[in-house]
Amino acid sequence: MKKFILITFGNLLYTFAVVFFILPNSLMTGGTTGLALFFQHLFGIPITVFAYIFNITMFLLGAWILGKAFALTTILSTFEYPLFLGLLQLLAGYIGPLTNDLMLSTIFAGTGIGIGIGLVVQAGASTGGMDIPPLILQKKTGIPVSVSLYVFDFSILLLQIFTSDREKLLYGILLVLLYTIILDRVLINGKRQIQLKIISPEYETINRRIQTELDRGTTLLSIHGGYSGQPSQAVLTVVSPRELFRLQELVRSIDPTAFITINEVREVRGRGFSLQKDYH
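Residues numbered from 1 in each chain as written. Predicted model: local features only at pLDDT ≥ 70, side-chain atom pairs only at ≥ 80, totals over all residues. Heavy atoms only, no water.

## Some remarks on unusual backbone geometry
Test applied: Working definition: helices are DSSP H or I runs of at least four residues, strands are E runs of at least two. Numbering for both runs from the N terminus. Each residue is placed in one exposure class: buried if its accessible area under a 1.4 Å probe, protein chains only, is under 20% of its type's maximum, exposed if it is over 50%, and partly exposed if it falls in between.
Even without glycine at this site, D215 takes up a positive phi of about 55 degrees. Mapped onto the elements, D215 comes out in the loop between helix 9 (203-213) and strand 2 (218-224). Judged by its relative accessible area of 31%, D215 falls in the partly exposed class.

Shown next as structure tokens:
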């Protein structure tokens, strides 16, 4: 239920930013919305219709290449975004735009999109649409998701220059930079990873389940309790931002009182990160 709420609220926040700040002010943006705006201008395809067709197409492609696990985490967003888009557009027809100031719209749209996508990914899911091609490229070529996402977003912005003026392009670039930075902070994306040190009497169970359920390596550190003076072991592991929520849930299910420290690691090299995993 918690994951469902995060995914739903994240998609709703993302869609709210699009409907009430981007569309009324004809702002340029990347992602599925940017493509939808371009095809609406070129062929007259309604934004909601394009979003449904594109999201479902990308979902099927992702399920085929990335597998069933990906499909299960993405199916909700695939249908929620177009649904919310249609409903909020009806609402916007009665309310009207919240502001006509382009800078305010850019700031609020960038903030809403960045936080919205971040919440979805924190729940271990994907927003679908233009999120999927970077994931496929990462699997096939090893290109980091953040790099290909930048390239796709700016390519979509350049497409829209034919349907808008130069000033709108500058606002569009600012919008993409803003929501990318906010997403980066919400998600701790890019090459950075998350290092966790877990102290619990159930360290053996936690250690084993991290290895078997998350397929992540662990290190056991010898420690002494500062108050009790009793020797014990701490579990040290490094996971991707997408796996952080799942790992926290796993530890809580074993020991709700476990002491966990979480640190941001700017880059990790070695098996499972810069090198392929070795199961021998």
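## Concerning the side chain of N11
Note the threshold: We define a polar contact as two N or O atoms separated by no more than 3.5 Å, with the added condition that, inside protein, one atom must be a possible hydrogen donor and the other a possible acceptor, whereas residues neighbouring each other in sequence contribute only through side-chain atom pairs. Only heavy atoms matter for contacts: two residues are in contact if any of them lie within 4.5 Å across the pair.
Inspection of the secondary structure assignment puts N11 in helix 1 (residues 2-22). Judged by relative accessible area, N11 falls into the buried class, the value being 2%. There is a polar contact of 3.2 Å between the side chain of N11 and the side chain of E80. When near neighbours in sequence (up to four residues on either side) are disregarded, N11 contacts S77, E80, Y81, F84 and V120.

## Some remarks on the side chain of N207
Tracing the sequence through the fold places N207 in helix 9. The exposure class assigned to N207 is buried, which follows from its relative accessible area of 13%. A polar contact is formed between the side chain of N207 and the side chain of T218, at a distance of 2.4 Å. Beyond its immediate stretch of four places on either side in the chain, N207 contacts T218, L220 and V235.

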